[in-house]
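# Chains, contacts and geometry: an overview
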Number of protein chains: 2
Amino acid sequence: MTTRRIPDATVDRLPVYLRVLLDLAAGGQTTVSSEQLAELAGVNAAKVRKDLSHLGSYGTRGVGYEVDYLRFEITSRLGLSHESAVAIVGIGNLGRALANHAGFRDRGFPVTALFDVDDAKVGTEVDGHVIRHLDTVGDPELGPISIGVLTTPPAVAQEVANRLVAAGVTAILNFAPIVIAVPDHVTVRKVDLTLELQVLSYHQQRNEADAAGDTPPMAG
Amino acid sequence: MTTRRIPDATVDRLPVYLRVLLDLAAGGQTTVSSEQLAELAGVNAAKVRKDLSHLGSYGTRGVGYEVDYLRFEITSRLGLSHESAVAIVGIGNLGRALANHAGFRDRGFPVTALFDVDDAKVGTEVDGHVIRHLDTVGDPELGPISIGVLTTPPAVAQEVANRLVAAGVTAILNFAPIVIAVPDHVTVRKVDLTLELQVLSYHQQRNEADAAGDTPPMAG
């Protein structure tokens, strides 16, 4: 089936809407207005309506959107209708934190394998998973790996990425502070936690300026 | 000084441009075209020009932008001209990983304090920082805390946030999988690592569809 490409900024917000919808469904709510969805997601209502129009969802005037149907649509368009097995490579503090992260399993991303190259770690367990040597990454008995999470030191990140790609991994979430090169058929997303602090810092400064009355009259 | 508000999506990209500019400066490059900046930041050139226009930067035709001046402008507008002291609360695996994160210190966010409530952890060291009891969070001898990083279990996140706010913290980066309420003068940014996997999953699916020739002719 051919589906229209969704703008990147919308793709980035769809998981936020999905999280809100899951919370609403858990609370027994069956419909949601764009205003309520907007408030819970921390965006404005016009943006919610625009974003959801890319899914072909327009809501019903006076009723809003059906929570279950919208969940289904977002889940399907994000490719979340099936579980994606996650392998974590580099079991330091961050790798351990992610291996233990309940949010991954609960939302369709079970961690199925942990890899490291440190003989002192290989064979030990984290959260019920045995840490395996990276040399076994293509081992068919581990089952297919859908997403590789890179939490290695930067110096070895490219080499590890190459090995993941050679083992058939087509998506990599890269926490190593380095840009990695991959073939076109592989998708990489880089997580840089310092960026979060920088963006927070901007909003903190803005908030303080607002509190001091230093806001332009038509701030947009 | 009154400054115009910058759109949120632009604010989210400015730190990415800044990282690219720092790399270029380290390599001795003094000017950069919007095309090069765009490619290195992974966005399109028109978006780069639009984003930078919000800073009042338009570049010079045939030359581009001055790397140093653009760094200065972004640094200043993001509020990064001074260092921001970071305190981490909740020293589990994630808290430890962040305490060790060289990117924070190197980019103006030195971690100056670690807090926990577990007596087995209090008094021990992580990366040269002694873990202190959360009861000491307002202690003046620790110096001011600009940003609090919440890496506690969700059940105590709100209570810990309240204590940070009472101690004068005005910005919180929240890794706990729960929405926390704070007064208006406090800025919160939520990090949800599962969202990163969900967005990656979308692009992975898209990339596979493209490889299969399943692309609309005018994909935008």
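One numbering rule holds for all chains: residues counted from 1, following each sequence as written. Chains and ligands are labelled by the order in which they are written, letters from A for the one and numbers from 1 for the other. Reporting in this predicted model follows two pLDDT cut-offs: at least 70 for local features of residues, and 80 or more for side-chain atom pairs to be given and counted; totals over whole chains, interfaces and linings ignore these cut-offs and use all residues. Only heavy atoms go into the side-chain values, all of them from the structure, while hydrogens and water stay out.

### Comments concerning the overall build of chain A
Along chain A, the regular secondary structure elements total eight helices and nine strands. Each principal axis of the C-alpha atoms in chain A carries an extent, and together these give about 60 × 45 × 35 Å. Think of it in three bands: residues with accessible area under 20% of the maximum for their type are buried, residues over 50% are exposed, and the middle band is partly exposed, with areas taken using a 1.4 Å probe on protein chains only. Within chain A, the proportion of its 220 residues that are buried is 46%. Contact definition: two residues touch when any of their heavy atoms are within 4.5 Å. Looking at chain A alone, contacts between residues at least 24 apart form 51% of all its contacts between residues at least 6 apart. In summary, the charge assignment counts Lys and Arg as positive and Asp and Glu as negative, without counting His or the chain termini. We put the charge of a Lys on NZ, of an Arg on CZ, of an Asp on CG and of a Glu on CD. One finds the centroid of the 19 positive side-chain charges in chain A at a distance of 7 Å from the centroid of its 26 negative side-chain charges. We count a stretch as a helix when DSSP gives it H or I for four or more residues in a row; a strand needs E for two or more, and each element gets its number in order from the N terminus.

### Here we look at the sheet that holds strand β9 (residues 187-190) of chain B
Residue and element names in this part refer to chain B. When DSSP locates at least two bridges between a pair of strands, those strands are taken to pair. With respect to topology, seven strands assemble into an open sheet ordered β5-β6-β4-β3-β7-β8-β9, the strand pairing being mixed. The two strands at the open ends of the sheet, each matched to only one other strand, are β5 (125-126) and β9. Direction of pairing for β5 relative to strand β6 (residues 129-133): antiparallel, over a ladder of two bridges. Within β6, the residue paired with glutamate 125 across the bridge is valine 130. Sheet strands in contact with helix α7 (residues 154-166) are β3 (86-89), β7 (147-150) and β8 (171-174), and its direction is about 170° off that of β7. For helices, the fitted axis covers only the stretch in contact; all axes are lines through C-alpha atoms, and the angles between them, taken along N-to-C directions, range from 0 to 180 degrees.

### Focus on the relation of the copies chain A and chain B
Of the transformation superimposing chain A on chain B, the axial component is 0.0 Å and the angular component is 180°, with the fit at an RMSD of 0.0 Å. In symmetry terms, the pair is related by a two-fold rotation axis. No C-alpha of chain A approaches the rotation axis more nearly than that of asparagine 93 of chain A, which lies at 2.5 Å. By residue overlap, the copies meet face to face through one surface: 100% of the interface positions of chain A are interface positions in chain B. Least squares is used to superpose the copies, and the fit set is the C-alpha atoms of residues whose pLDDT is at least 70 in both copies.

### Concerning the interface of chain A and chain B
In this complex, chain A contributes 69 residues to the contact, which on the side of chain B involves 69 residues. What counts as buried area is the accessible surface, traced by a 1.4 Å probe, that two parts surrender upon association, with contributions from both included. Summing both partners gives a buried area of about 6200 Å² for chain A against chain B, and 57% of it is carried by carbon and sulfur. Contact with chain B buries surface across chain A, with Arg5, Leu197 and Tyr202 of chain A losing the most and accounting together for 12% of the total. We define a salt bridge as a side-chain nitrogen of Lys or Arg found within 4 Å of a carboxyl oxygen belonging to Asp or Glu. Along the contact surface separating chain A from chain B lie six salt bridges. Polar contact is defined as a pair of N or O atoms within 3.5 Å, subject to the rule that within protein one atom must be able to donate a hydrogen and the other to accept it, and that residues adjacent in sequence are counted only when both atoms are side-chain atoms. The tally of links from chain A across to chain B stands at 24 residue pairs in polar contact (both at pLDDT 80 or more). For the side of chain A that touches chain B, the residue count by class is 31 nonpolar, 21 polar and 17 charged. Residue classes follow a fixed rule: Ala, Val, Leu, Ile, Met, Phe, Trp, Tyr, Cys and Pro count as nonpolar, while Asp, Glu, Lys and Arg count as charged, and any other residue, Gly among them, counts as polar.

### A word on the side chain of serine 201 of chain B
Relative to the helices and strands, serine 201 of chain B resides in helix α8 (residues 193-211). Those residues within four positions of serine 201 of chain B in sequence are excluded, and the remaining contacts are Leu78, Gly79, Leu80 and Phe109 of chain A.

### Digging into the domain arrangement of chain A
An automatic or database domain assignment supplies the residue ranges for each domain. Domain parsing of chain A yields domain 1 (8-77) and domain 2 (86-194). For domain 1 of chain A and domain 2 of chain A, the distance between their C-alpha centres works out to 31 Å.

### What about the confidence of the model for chain A?
Residue and element names in this part refer to chain A. On average, residues of chain A score 88 in pLDDT, and 95% of them are at 70 or above. Across residues 216-220 the pLDDT falls below 50, and counting only partners more than four positions away or on other chains, this stretch makes six contacts in the model. Our summary of model confidence lists the complex with pTM equal to 0.79 and ipTM equal to 0.81. A score between 0 and 100, pLDDT records how confident the predictor is in each residue.

### Notes on the side chain of aspartate 192 of chain A
Note that aspartate 192 of chain A resides in the loop between β9 (187-190) and α8 (193-211). A distance of 2.9 Å separates a polar atom in the side chain of aspartate 192 of chain A from the backbone nitrogen of threonine 194 of chain A. The contacts of aspartate 192 of chain A, once residues within four sequence positions are left out, are Arg19 and Arg107 of chain B.

### Some words on the sheet that holds strand β7 (residues 147-150) of chain A
All names here are of chain A. Pairing is mixed across the open sheet formed by seven strands, whose spatial order is β5-β6-β4-β3-β7-β8-β9. Of all strands in the sheet, those bounded by a partner on one side alone are β5 (125-126) and β9. Most of the contacts of helix α7 (residues 154-166) go to β7, to which it runs at about 170°, and overall it touches β3 (86-89), β7 and β8 (171-174).

### Looking at the packing of helix α2 (residues 34-41) of chain A against helix α3 (residues 45-53) of chain A
If you want to describe how two helices pack, look at the angle between their axes and the distance between the axes. All names here are of chain A. Following both chains from N to C, one finds α2 and α3 inclined at 105°, their axes separated by 8 Å at the closest point. As summarised for this structure, α2 and α3 are arranged roughly perpendicular, according to the angle between their axes. For the pair α2 and α3, the contacting residues are Ser34, Glu35, Leu37 and Ala38 in the first and Ala45, Val48, Arg49 and Leu52 in the second. When an angle is under 35 degrees it counts as roughly parallel; over 145 it counts as roughly antiparallel; between 65 and 115 it counts as roughly perpendicular; any other value is oblique.

### Some words on unusual backbone geometry
All names here are of chain A. With a phi close to 55°, aspartate 127 is a non-glycine residue in the positive phi region. Considering the arrangement of structural elements, one finds aspartate 127 in the loop between β5 and β6 (129-133). Since its relative accessible area comes to 41%, aspartate 127 is described here as partly exposed.

### Some thoughts on helix α1 (residues 8-26) of chain A
Residues and elements named next belong to chain A. Here, expected helix span is obtained from the residue count minus one, scaled by 1.5 Å. Over its 19 residues, α1 runs 28 Å from end to end, which matches the ideal 27 Å to within 8%, given 1.5 Å per residue. Listed in full, the buried residues belonging to α1 are Thr10, Val11, Arg13, Leu14, Pro15, Val16, Tyr17, Leu18, Val20, Leu21 and Leu24. One or two steps after α1, the chain reaches glycine 28, where phi turns positive at roughly 90°.

### Description of the pairing of β8 of chain A
All names here are of chain A. Neither face of β8 is left uncovered, since the one carrying Ala171 and Leu173 and the one carrying Ile172 and Asn174 both have all their residues buried. Of the pairings in the sheet, the one linking β7 to β8 comprises three bridges and is parallel in character. Across the sheet, leucine 150 pairs through a bridge with asparagine 174, a residue of β8. Each parallel crossover has a hand, and for β7 linked through α7 to β8 it is right-handed. A clockwise path from the first strand over the helix to the second, with the strands pointing away from the viewer, defines a right-handed crossover.

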